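Chain by chain, the residues:
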Amino acid sequence: MKKTFLLLTALVMLLGTVTGCAAQPSAAAEPAAPAAATESVAAPEATEVPAPKWPTEPVTIICPSKAGGFADAHSRVLADYLQRTTGVAFAVLNVTDGGGTVGSEQVRTAKPDGTTLLHFHTSFPISCYTGMYNADPEVDFTTIAAVENGGSNVFVCNADAPWNTLADLVNDAKSRPGEIIWGAAAGVTSQFMMAMLEKDAGVKFKMVDAGSEAEKTTALLGGHIQVTNIGIASADQYVKAGDLKILAVVGDERDATYPDYPTAVEQGFNVSWVGEFGLWGPAGMDPALVAVINKTLEGFATDQASIDALTKLGSWYEYRNVDESVARLGEMNKTIKDLAKDLGF
């Protein structure tokens, strides 16, 4: 009896042990521990990438026009502002070979680090869309900013010329096609303006390559050419000195600063042009760097020394951020591209 009791007791204890072991999950089957460990790991905090610094070394602004001209003067106003406000040296380099295309090419092939920039007006995209320069301003370059508005251009002649209005010039040109000598820079803005008048009025001038604004003015005063186009501020000085006559403002409206001069449009000719300067860099620039350079120009619009200098040139500046600048210059490019096609380039 005693043996039987002991045997039953041992059997009960054995069954309890087996049941307890079966109720315990194995180490491989414990899902909670790893989950708890995972939840306890804090997510890494997002780190903000600092904006690039610019400029950190001297910057070259390439102007594809000769020193002393309209474009060069604008480039130097811009360079002066940037140098004064950043404390870093900015140099304007005039590279005019190939009608300015060599200067544009120097920027296209430069390092995209913001140390070599192109500052020019509508002659840059014109050279691209007329085939003079085998490049695309929207593909082979980075648009940084729409900069100064170059103000009004005017058609001018010598004070002793027989024309007093644009209609006088057109009527004379119709009577002797290809004889009146028009000075322009081949493949750029001045040629476009002349070609627009030729097409609209149905006339033909004898175009000679007269170079930059300074060179065109010298050639006109010297009697080597008979008609050309230059900036209204410069032309007004020569008119007041008794040397030149303004035949028409090349725009839809009279210039607010010089309201006495009539436009080509009000004289019955559909010839209008708005000059716009841009700032470009090589293709592939870091968008963050582009934004920094563009932002540096914001104060250019309110800097009194720059305002005074631009006013003397008949120009002004309105700040636009990168997206606004791309849109603004994109509109200009489209207009020029369409005109180039219409004019047979």
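Rules used throughout
Counting starts from 1 at the beginning of each chain's written sequence and moves along it residue by residue. Only residues with pLDDT of 70 or above have their local features reported here, since the model is predicted, and side-chain atom pairs are shown and tallied only from 80 upward, although totals for entire chains, interfaces and linings are computed over all residues. The basis for every side-chain value is the complete set of heavy atoms in the structure, and neither hydrogens nor water enter the calculation. Remark: exposure states derive from per-residue accessible area (1.4 Å probe, protein chains only) relative to the maximum for the residue type, with buried under 20%, exposed over 50%, and partly exposed in between. Secondary structure is summarised from DSSP: a helix means a run of H or I of at least four residues, a strand means a run of E of at least two, and numbering begins at the N terminus for each. Contact criterion: two residues are considered in contact whenever any of their non-hydrogen atoms come within 4.5 Å of each other. In protein, a polar contact means a hydrogen-donor-capable atom and an acceptor-capable atom, both N or O and within 3.5 Å, with residues adjacent in sequence counting only if both atoms are side-chain atoms; elsewhere, any N or O pair within 3.5 Å suffices. In this scheme Phe, Tyr and Trp rings, the latter by its six-membered ring, pair at centre separations within 6.5 Å, and the angle between planes marks the pair as stacked below 30 degrees, edge-to-face above 60, and tilted otherwise. pLDDT measures how confident the predictor is about each residue, on a scale from 0 to 100. Two kinds of site are reported from a 1 Å grid over the protein atoms alone, namely cavities, where a 1.4 Å probe fits but cannot get out, and pockets, open sets with protein on both sides within 12 Å along at least five of seven lines, and residues are called lining when an atom falls within 4 Å of a point. Grid points are joined across faces, edges and corners, and a volume is the space filled by probe spheres set on the points. For this classification, the nonpolar set comprises Ala, Val, Leu, Ile, Met, Phe, Trp, Tyr, Cys and Pro, the charged set comprises Asp, Glu, Lys and Arg, and every other residue, Gly included, is treated as polar. Between Lys or Arg on one side and Asp or Glu on the other, a salt bridge is scored when a side-chain nitrogen of the former is within 4 Å of a carboxyl oxygen of the latter. Any two strands with at least two DSSP-identified bridges between them are counted as paired. What makes a nonpolar core is a set of buried Ala, Val, Leu, Ile, Met, Phe, Trp, Tyr and Cys residues whose side-chain atoms join them at distances within 4.5 Å.

1. Description of helix α10 (residues 287-296)
A turn of α-helix holds 3.6 residues, and therefore any two residues three or four places apart point the same way. L289, V290, V292, I293, N294 and T296 are the residues of α10 that are buried. Of the surrounding elements, those touching the buried residues of α10 are α3 (70-86), β4 (141-149), β10 (276-282) and α12 (322-342). One side-chain oxygen of the residue at the start of α10 lies 3.1 Å from the amide nitrogen of A288, identifying that residue as D286.

2. Regarding the packing of aromatic side chains
Throughout the structure, instances matching the rule amount to 11 aromatic pairs. Here the aromatic rings of F300 and Y317 are separated by 4.9 Å at their centres, their planes lie at 40 degrees, and the arrangement is tilted. In this pair, F300 sits in the loop between α10 and α11 (304-312) while Y317 sits in strand β11 (residues 316-317), placing the two residues 17 residues apart along the sequence. The class of F300 is buried, set by a relative accessible area of 1%.

3. Observations regarding the side chain of H119
Here H119 is to be found in strand β3 (residues 116-120). With a relative accessible area of 0%, H119 lands in the buried category. For H119, the side chain forms a polar contact with the side chain of E148, separated by 2.7 Å. Excluding anything up to four places from it in sequence, H119 contacts I61, I62, C63, P64, H74, S75, L78, V147, E148, F277, G278 and L279.

4. Some points on the confidence of the model for the protein chain
In this model, the protein chain carries an average pLDDT of 87, and 86% of its residues clear a pLDDT of 70 or more. Counted against residues more than four places away or in other chains, residues 1-40, with its pLDDT under 50, gives 1 contact.

5. What about empty space enclosed by the protein?
Throughout the structure, instances matching the rule amount to 1 cavity of 30 Å³ or more. By volume, the largest cavity amounts to about 40 Å³. In this structure, the largest cavity is lined by P64, G99, G100, T101, S104, F120, S123, F124 and S127. Contributions of two or more residues to the lining of the largest cavity are made by α4 (101-108) and α5 (123-129). Per-element accounting of the lining of the largest cavity gives the leading share, 3 residues, to α5. Class assignment of the residues belonging to the lining of the largest cavity gives a composition of 3 nonpolar, 6 polar and no charged.

6. Overview of the pattern of salt bridges
Applying the stated criterion across every chain, the model contains 13 salt bridges. With its nearest N and O atoms 2.6 Å apart, the salt bridge here joins E215 to K66. Separated by 149 residues along the polypeptide, E215 in helix α8 (residues 213-221) and K66 in the loop between β1 (59-63) and α3 bring together distant segments of the chain. With a relative accessible area of 38%, K66 lands in the partly exposed category. Beyond isolated ion pairs, a larger network of salt bridges with shared partners links D80, R84 and D303.

7. A look at the pairing of β10
Two faces, one strand: in a regular strand the side chains alternate between the faces of the sheet. Of all 7 residues in β10, 7 are buried; the element is thus mostly enclosed. For β3 and β10, the ladder comprises 3 bridges, and the chain directions are antiparallel. Directly across from L118, in β10, lies its bridge partner W280.

8. A short note on the pairing of β4
Judged by how many residues are buried, β4 sits mostly within the fold: 9 of 9 residues are covered. Bridge analysis of β4 against β10 gives 6 bridges, and the strand direction is antiparallel. Bridging across to β10, T143 finds its partner in W280. Where β4 lies against β11, 2 bridges are found, and the strand directions are antiparallel. Within β11, the position partnered with N149 by the bridge is W316.

9. As for the nonpolar core
Judged by nonpolar contacts, the single largest core of 75 residues is most densely connected at F155, L169, W182, L197, F205, W273 and L279. Among the elements that make up this core, the one with the highest residue count is α3 (7 residues). Discounting residues that sit within four places of it in the chain, L169 has contacts with W163, I180, W182, F205, V227 and L247. Ranked by size, the runner-up nonpolar core spans 15 residues in total, among them A219, A235, L244 and Y261.

10. Digging into unusual backbone geometry
Going from W54 to P55, the amide bond is cis rather than trans, its omega being -5 degrees. Examined against the element boundaries, P55 turns out to sit in the loop between α2 (32-39) and β1.

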